[in-house]
Structures are given as structure tokens and as C-alpha cells.
Amino acid sequence: MQERIAILKKKFKELYPEGGSPLLVAGPGRINIIGEHVDYAGGLVLPSAVDREILLAASNRKDNKIKIFSLDYNESFESSLDRLKFCGKKRWANYLQGVFYFLQEKGLKLNGVNIAFSGNIPQGGGLSSSAALEVGTCYAARLLNGFILSDLELVKLCQKAENNFVGVMCGIMDQFASALSKKGNLLLLDCRDLEYQLIPADFSGIAIVLADTKKERTLAGSEYNLRREQLAKAAGLLGKPLRDVSSKEFEALKGKLDEVSRKRAKHVIYEIERTKNAAEALIKKDMPELGRLLYETHESLRTDYEVSCRELDIMVEIASRSKGVIGSRMMGGGFGGCTLTLVRKENVEELQEKIMKEYPKRAGKKTEVWVCNLAGGARTVY
Ligand code: GLA
């Protein structure tokens, strides 16, 4: 961490010699224990921020220019606050531009800004580096400009930037977790009214392991938006929001639905119930039950929601045969990215070795496997 900060500060000074001493903020990535593909249907999710984050160094400018440098892409981007527009070439810049755009749309007055940033969240790994960048940017802008914006407004604004500037119709889970997580807890977030409860993340001797399929998520955007449309259709046919349909009711009404609508609605309705049950299992420290629910979620995402892929299925299958594993599933939007596995701490190495050995042979791709630590939301480093 100290080393990353030193590199970032050095680069900042080099790029903006008259930029003074910058503010340093961190926007973390997130995991989600359970509650997948339900946030945009007003469902329940159980995410937390993790200790992989984007660090942003930023200082005010006297003019209205925005100068941004990404250390990871080794690219710079320049524009001004009255000329913010989508950039097709340097897509990463849109996450920051989108935040500035919607802050101004709210009537807030912004100073020009110098920014340099770098991250250690695996790109395309399903840990939401995009939300981390939006939340980090908004957090820095709030501090640098001194305006009042509640945390909840910040979260909503970042989601709006992603929906309406970047053009990805994501739900609110990622931005919420990146901004509002409290270290040592999971957020049981109700995405309908945005009420949340902190669930102590006491995993009693169990580690959370992430394994990256390294599969490019080319389908993620288009299929994601299609799922949203399919859910809207299913809700229309059922005559009410899926959030208000219990699994019992669904079983009685499912004859009204065509096959695709039935499968999509089934995932969402049962996943919301699984998330409730998982939170209870965690509180009771019933780890086998939590693990069972994770496997069920994977099956549902694979067969009913159809957002898994060969690589994710292979990864889950390998984990399921490894000693001490209590549950495993694909995590995030799907079509690639990481799996999340709960494994007894004493069996972590065995799991890592097994995946490193078997996955490349079976999937024809490299992988990275690491133990993930939960963390708090966005913060000022100094
Ligand atoms: C992506 C989106 C989230 C959520 C997940 C699936 O990460 O950004 O809003 O929908 O997929 O649970």
C-alpha cells in the first residue's frame, strides 16, 4: 500500500508540478456473497467492499479544465467542465466524466481538477472496478469542492453516471457497497427502498476465496440489458413487481408465463428468498446452510438466468471437489469474471493449488486465486 501511494504521488507531482500536495482517496471494489442479478428488480443483496481499491490523487485547478491520468493504462485525458462528453477511445475516462457531469447537472459548482489514479482491482473480474472509480471520483470531488452531498445521494449519482453517461444499465449494489460498507460487516441491502442492515461478517474459520476465470466478458453488457427487459416482461405478465411475488405464489402463477419469462422470474424470486435465508444462516453461523445456498444460486444463474459460462462452471466444479469447501458460485454480472468460494481456513492452500493445476488444463486459460478480505467503503487516505 505504502509503495502504491508513493508511486502515485510521484507521478502526480511529475504530471502537475504546480498541483500542490494532492488529496488522496480510495474507492474499493466489492464482492457479493449472495443476491445476484436482483438489485435492478428491487431485491435483496449481501455485498461488502474489499481490500482491492482504486487510489485517486486529486487537487483543484484555478481554471475549469479536467486533467486525468490513469497509471494502469498509462494514458492521459483532458477536457473541461463545460465540454464533458462520452469518449469512445479512452473509455475509462467516462466514469470520471459522468460523475462530474451529473454533479454539475445537480447545480453544484465544481473547480477544474488534476487527477492521477491507479488500482489493484482485477479488470473485468466482476469486482466492479467501475463503481470503485465512480465512487472514488465523487468522494474526491465532494471534498475538493466542499459541497454538501449525502452518502446516499453520492451512491445514486454514481449509478446515474454509469447508466446515463457510460451507458451501462447496472443496478445500485456496486456503488452502494463501494461507498457505504463498514469494515467487518456485510450489507444486507434492500434495493427497493435502500434500507440496509449490517450483518457481522463472522465467518467462523472460513475464508472467502476469489478465483478469476480470465474470461473476457464480451456478452456482459448486451445480455445484462436484455435480462432487465425480460424481467420487466415477466412482471407485466404476473401483474406485479417480482419483488412482491413469493415463491409459493410464483409456483401457482407460473403457467401464465412463456418459458423465458418463467426462467428469469424464477431466478429472481427464489434468489431474493435465498438471500434472506443466507443472512439468517450467517447470523446463526450455520455455514453448511450458507454454502448450500451458494451452490443453489450458481445453479439458478446457470440454468434459469443463463448468465454463467463454461469457464465459471468449471471453476465452481473444481472448487466443489476440493477439501473443506462449503460453497461456491459465480459472482457479479456473469459471462466471465470471478467465482466466490467459501472454504475452511486450513484448506485454503489446497484449494488454491487445485484450481491453479486443474483450471488452466480444462479451460485453456490462466487464473489467479486469492483470499479476499472485507473492507470499509470509500475513504480519505489523507
Ligand atoms: C453487475 C451490476 C450490479 C448487479 C450485478 C449482478 O455487477 O453492476 O448492479 O446487477 O451485476 O448482481
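Bear in mind the structure is a predicted one, so any value in this text is a computation, not a measurement.

(A) Region of the structure containing the sheet that holds strand β9 (residues 206–212). Strand order in this open sheet of 4 strands is β10-β11-β9-β12, and the pairing throughout is antiparallel. Whereas interior strands pair on both sides, the edge strands pair on one side only; in this sheet they are β10 (325–330) and β12 (368–371). Each neighbouring strand pair of the sheet contributes to a mean axis angle of 20 degrees, computed without reference to strand direction. Pairing analysis gives 7 bridges linking β9 to strand β11 (residues 338–344), with the strands arranged antiparallel. Paired with leucine 210 across the two strands is leucine 340, which belongs to β11. Where helix α10 (residues 310–320) meets the sheet, its contacts fall on β9, β10 and β11, and the angle it forms with β10 comes to roughly 180 degrees. Helix α11 (residues 348–363) rests against β9, β10, β11 and β12 of the sheet, and its axis sits at about 170 degrees to β12.

(B) Spatial organisation of helix α3 (residues 129–145). Under the 1.5 Å per step criterion, the end-to-end length of α3 is 24 Å for 17 residues, consistent within 8% with the ideal 24 Å. Judged by how many residues are buried, α3 sits mostly within the fold: 16 of 17 residues are covered. Where α3 terminates, the next one or two residues include glycine 146, which has phi positive at roughly 65 degrees.

(C) Examining the site of the ligand more closely. Near the ligand the following residues occur: Arg30, Glu36, His37, Asp39, Tyr40, Cys170, Gly171, Met173, Asp174, Tyr224, Gly332 and Gly333. Arginine 30 is positioned such that a nitrogen or oxygen atom in its side chain is 3.0 Å from an oxygen atom of the ligand. One nitrogen or oxygen atom from the main chain of glycine 333 is found 3.5 Å from an oxygen atom belonging to the ligand. Contact with the protein chains covers 92% of the free accessible surface of the ligand, which is 310 Å². A class-by-class count of the residues in the shell around the ligand yields 4 nonpolar, 4 polar and 4 charged.

(D) Structural detail: the nonpolar core. One finds Ile31, Ile33, Phe100, Leu103, Phe203 and Leu290 to be the most contacted residues of the largest nonpolar core, which totals 107 residues. Apart from residues lying up to four places away in sequence, leucine 103 is in contact with Leu108, Leu110, Cys138, Ala141, Phe147, Leu149 and Leu157.

(E) Molecular detail of the sheet that holds strand β7 (residues 185–190). What the 3 strands build is an open sheet, ordered β2-β7-β8; its pairing is antiparallel. In this open sheet, the two strands that pair with only one neighbour each are β2 (44–45) and β8 (196–200). In the sheet, β7 pairs with β8 via 5 bridges, with the strands oriented antiparallel. Among the inter-strand pairings, leucine 188 is bridged to a residue of β8, identified as glutamine 197.

(F) Representation of the pattern of salt bridges in the model. Per the stated rule, a full pass over the model turns up 32 salt bridges. Residue glutamate 105 pairs with lysine 160 through a salt bridge whose shortest N-O separation is 3.3 Å. Taken together, the residues span a long stretch of sequence, with glutamate 105 in helix α2 (residues 92–105) and lysine 160 in helix α4 (residues 151–166) at a distance of 55 residues. Put simply, lysine 285 and aspartate 202 hold a salt bridge, and the shortest N to O gap is 2.7 Å. Residue lysine 285 is found in the loop between α8 (259–283) and α9 (287–303), and its partner aspartate 202 is found in the loop between β8 and β9; the two are separated by 83 residues along the sequence. Under the relative-accessibility criterion, aspartate 202 is labelled partly exposed at 35%. Here the residues in one salt-bridge network are Glu271, Arg274, Glu289, Arg292 and Glu296, joined through shared partners.

(G) Representation of the packing of α3 against α4 within the structure. Contact geometry of α3 with α4 gives a least axis separation of 9 Å together with a crossing angle of 130 degrees. Put simply, α3 runs oblique to α4. As for the relative orientation of α3 and α4, their crossing is right-handed in sense. Only Asp151, Leu154, Leu157, Cys158 and Glu162 of α4 make contact with α3, whose side of the interface consists of Ser130, Ala131, Glu134, Val135, Cys138, Tyr139 and Arg142. Here the contact of α3 with α4 is composed, by residue class, of 7 nonpolar, 1 polar and 4 charged.

Parameters at a glance
- Residues numbered from 1 in each chain as written.
- Predicted model: local features only at pLDDT ≥ 70, side-chain atom pairs only at ≥ 80, totals over all residues.
- Heavy atoms only, no water.
- Pairing = 2+ DSSP bridges.
- Helix = DSSP H or I, 4+ residues; strand = E, 2+ residues; numbered from the N terminus.
- Axes fitted to C-alpha atoms, helices over the stretch in contact; angles between N-to-C directions.
- Contact = heavy atoms within 4.5 Å.
- Expected span 1.5 Å × (residues − 1).
- Buried < 20%, exposed > 50% of the residue type's maximum accessible area, 1.4 Å probe, protein only.
- Near = heavy atom within 4 Å.
- Polar contact = N/O pair within 3.5 Å; in protein donor to acceptor, adjacent residues only side chain to side chain.
- Areas by Shrake-Rupley, 256 points an atom, 1.4 Å probe, with all protein chains shown as cover.
- Nonpolar A, V, L, I, M, F, W, Y, C, P; charged D, E, K, R; others polar.
- Core = buried A, V, L, I, M, F, W, Y, C linked by side-chain atoms within 4.5 Å.
- Salt bridge = Lys/Arg side-chain N within 4 Å of Asp/Glu carboxyl O.
- Parallel < 35°, antiparallel > 145°, perpendicular 65-115°, else oblique.
- Left-handed = near helix turned anticlockwise from the far one by under 90°.

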